[in-house]
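# What the coordinates show
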Amino acid sequence: MTLNELLADCRVPVLGLCAYSGTGKTTLLRKLLPTLNERGLKIAVLKHAHCNFEVDKPGKDSYELRKSGADQMLIASSKRRALMMERPVEGDPDLKELLAMVDQSRVDMILVEGFKKMPLPKLELHRAEVGKPFVFTDDPLIQAVACDDATELPADFALPKLDINDVDAIADFVAQFIARWQPVALQPLGPSCDSTERKQLSVKQGLDRILAMVTPVADREQPPLKHCVNRVLADDAISPINVPQHTNSAMDGYAIALDEAHQSGRRYPVVAEIFAGYAYDGTLQPGEAVKIMTGAPIPAGADTVIMRELAQEHDGQVQFEGPLERGQNVRPAGEDIAQGQSALGAGQRIGAAELGLLASLGLAQPSVWRRPKVAIFSTGDEVCSPEQALQPNCIFDSNRYTLHGMLTKLGVEVLDLGIIEDNEAAMITALESAAEQADMVLTSGGVSVGDADFIKDALAKLGRIDFWKIAQRPGRPLAFGTLNETLFFGLPGNPVAVMVSFLQFVQPALRKMAGEQQWQPQMMRAIATEPMRSRVGRTEFHRGIMQLGAGGQLEVKTTGQQGSGMLGSMVKANCLVVIEEPLEQVQPGDPVWVQPFSDLL
Ligand SMILES: Nc1nc2c(c(=O)[nH]1)N[C@H]1C(S)=C(S)[C@@H](COP(=O)(O)OP(=O)(O)OC[C@H]3O[C@@H](n4cnc5c(N)ncnc54)[C@H](O)[C@@H]3O)O[C@H]1N2
Ligand code: MOO
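This structure is a prediction, so every number in the text was calculated from the model and none was measured.

Thresholds applied
Residues numbered from 1 in each chain as written. Chains lettered and ligands numbered in written order. Predicted model: local features only at pLDDT ≥ 70, side-chain atom pairs only at ≥ 80, totals over all residues. Heavy atoms only, no water. Axes fitted to C-alpha atoms, helices over the stretch in contact; angles between N-to-C directions. Helix = DSSP H or I, 4+ residues; strand = E, 2+ residues; numbered from the N terminus. Parallel < 35°, antiparallel > 145°, perpendicular 65-115°, else oblique. Left-handed = near helix turned anticlockwise from the far one by under 90°. Contact = heavy atoms within 4.5 Å. Pairing = 2+ DSSP bridges. Near = heavy atom within 4 Å. Polar contact = N/O pair within 3.5 Å; in protein donor to acceptor, adjacent residues only side chain to side chain. Nonpolar A, V, L, I, M, F, W, Y, C, P; charged D, E, K, R; others polar. pLDDT = per-residue confidence, 0-100. Buried < 20%, exposed > 50% of the residue type's maximum accessible area, 1.4 Å probe, protein only. Phe/Tyr/Trp six-rings, centres within 6.5 Å; stacked < 30°, edge-to-face > 60°.

Now for the packing of helix α10 (residues 424-437) against helix α11 (residues 454-462). One can describe the packing of α10 onto α11 by two numbers: an axis separation of 9 Å at closest approach and a directional angle of 50 degrees. Relative to α11, the element α10 is oriented oblique. α10 and α11 meet at a crossing whose hand is right-handed. In this structure, α10 uses E424, M427, I428, L431 and E432 to contact α11, whose residues at the interface are F454, I455, D457, A458, L459, K461 and L462.

In structure tokens:
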């Protein structure tokens, strides 16, 4: 069994914990589960046990009834429920069947303990004193190794290494694993589903081929900070200063040096008053206080701030109520970002928060990548510019406008070449000129099998273009390749297909070209509130409306009719519902993946 077969039906990430006995797997899990719960993550644990384990006790009804011959014993109260089944099997129980028994709609992931040999992504736990060999050397599915200080890893060890005693670091790893996880249907399919055999590419296969062809832009620019919104950082933003610059007060109050002599009722003479933006030049002596405002630097000698509400000042002296703790209400210099630390990594797209952060470091002209230039045009004699009167049998050109909108939001430079006449000579001239001026050329229409699709002949003469069929709907036909050095996408003509293909393929390509690193489409789980039909073997993108349900859970319904020419369905929608290849039908109550539009639409 392959990983894809084992996990094909899993709606949540599955991670194995693999270790030899004595490594402390269960001890770690007992600490890890509350840590993950604190982060809002609900975890199911699936554990392999020795063959004749018992969970209930002799004398209990459930035990006796099972021993009397109940094939399945389901016991439930208002707090919990347990199902015991007698299922003798040869060898290990079937993990795929067990995973299907977990109520996946209620958890964020399944941790599997045991089942060491199964093709699962796993975290290896290792302690040197147990004296056992590593598992990762023979198991390519090990994602990381958590080990103790005494463990000596080989020199060529290239996986993430975690400290087995650092539960927070392991929880971080698990949280990242969940965040990065994609359902099997959106991952590369195994060899049996390769294009040569099935004539269609999966969404992931298409995207992988596209991304392999994309080279990020290489020229840097240093525009003024306000012009950097939606640009991509070319270098790490290294902080030239400590933020905050000085150790300062987190409260309006009084700064003192807290010493042994402090006791409730002790009177401190107030020797100065410091406002934010000013400093106390002297050194505070034991027993003295300065009145201090939020953000003002803590004077030399002081180490503690007491908020004004807990202080009484009379005749130039102040006393404090309640117990004091040294260091309270003091924000150390560099607490937010230390001088020399990388505040933002190269490849980060700059949004409002990043812009503010760069400003807070005084980086007024960060180095960013130049914006990719994208040429767009529409094809088809029936396509008419909205600036002109509609001709008989024609339609207005909407694709150039949806493309323009999405490209603008992506922060690229758009070169709009208009509508190109449906003849080969016009097509060749337009494509040549577009390829010379831009990093990417985008067209819509003419990539399916129609007779009057001159673009195909023009492309064949000018570049190396493949005509793909993607196992998706809408957006099945897709042309992709190069015109000299310039990337070319021929998107299908249907207006919704254009947008869906842009979101799935052009967007990731352009983000990579723009220098963005580590971008992943946002994916969320929502509960379907109506049936959605799909066809096994293709990924369907339904236009969805997601909203919070009465129970506080994200719910999604479709916008109604899903014709790939109906732009109204995109207008009503706020997300795409992604129905993965293996699914035929989504029923109300089923969890589904949704891709919110917030990024681009
Ligand atoms: N025999 C087959 N017919 C079709 C197939 C197929 O596999 N076999 N695939 C269908 C699918 S799926 C799609 S999508 C379309 C894509 O076809 P083309 O890329 O060749 O696009 P056109 O035929 O030129 O146009 C399709 C549709 O879209 C309208 N259109 C085109 N450009 C614009 C524009 N700029 N603004 C608004 N609307 C536009 C055009 O008028 C057509 O109605 O092919 C199916 N057929
Ligand atoms: O790409 Mo087409 O939209 O599947 O009609």
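Now for the sheet that holds strand β2 (residues 43-47). A sheet is described by the order of its strands in space; here six strands give the open sequence β2-β5-β1-β6-β7-β8, paired in parallel fashion. Across the chains shown, the open sheet's two edge strands, defined by having one partner strand only, are β2 and β8 (161-163). Ignoring which end each strand starts from, the neighbouring axes of this sheet average 25 degrees apart. When strand β1 (residues 14-18) meets strand β6 (residues 122-126), the two strands line up parallel, connected through three bridges. Directly across from L17, in β6, lies its bridge partner L123.

In the vicinity of ligand 2, the contacting residues are P474, G475, R476, P477, N494, A497 and S564. Here an oxygen atom of ligand 2 sits 3.1 Å away from a polar atom, N or O, in the side chain of N494. For the shell around ligand 2, the residue count by class is three nonpolar, three polar and one charged.

For the pair helix α9 (residues 399-409) and helix α12 (residues 495-513), interaxial distance at closest approach is 10 Å and the crossing angle is 30 degrees. Classified by the angle their axes make, α9 and α12 are roughly parallel. The element α9 and its partner α12 pack so that their crossing is right-handed. Between α9 and α12, the residues in contact are N399, T402, L403, M406 and L407 and P495, V498, M499, F502, L503 and L510, respectively. Partitioned by chemical class, the residues of the contact of α9 with α12 number nine nonpolar, two polar and no charged.

Across the chain, the average pLDDT comes to 91, with 97% of residues at or above 70. Predicted confidence in the chain is weakest over helix α6 (residues 195-198), with a mean pLDDT of 42, and strongest over strand β20 (residues 368-369), with 98. Counting contacts from residues 186-198, a segment whose pLDDT is below 50, to residues more than four positions away or on other chains yields 31 contacts. Among the prediction metrics, the complex's ipTM stands at 0.95, with pTM recorded as 0.70.

Examined against the element boundaries, S62 turns out to sit in helix α3 (residues 61-67). On the accessibility criterion, S62 (7% relative accessible area) is buried. At 3.0 Å, the side chain of S62 and the side chain of D56 are in polar contact. Not counting residues up to four positions away in its chain, the partners in contact with S62 are D56, M73 and I75.

Under the counting rule described, the total for this entry stands at seven aromatic pairs. Arranged with centres 5.0 Å apart and planes meeting at 70 degrees, the rings of F136 and F157 form a pair that is edge-to-face. Residue F136 is found in the loop between β6 and β7 (142-147), and its partner F157 is found in the loop between β7 and β8; the two are separated by 21 residues along the sequence. The same class applies to F136 as to F157, namely buried. Aromatic pair Y254 and F320: ring centres 6.1 Å apart, planes at 55 degrees, arrangement tilted.

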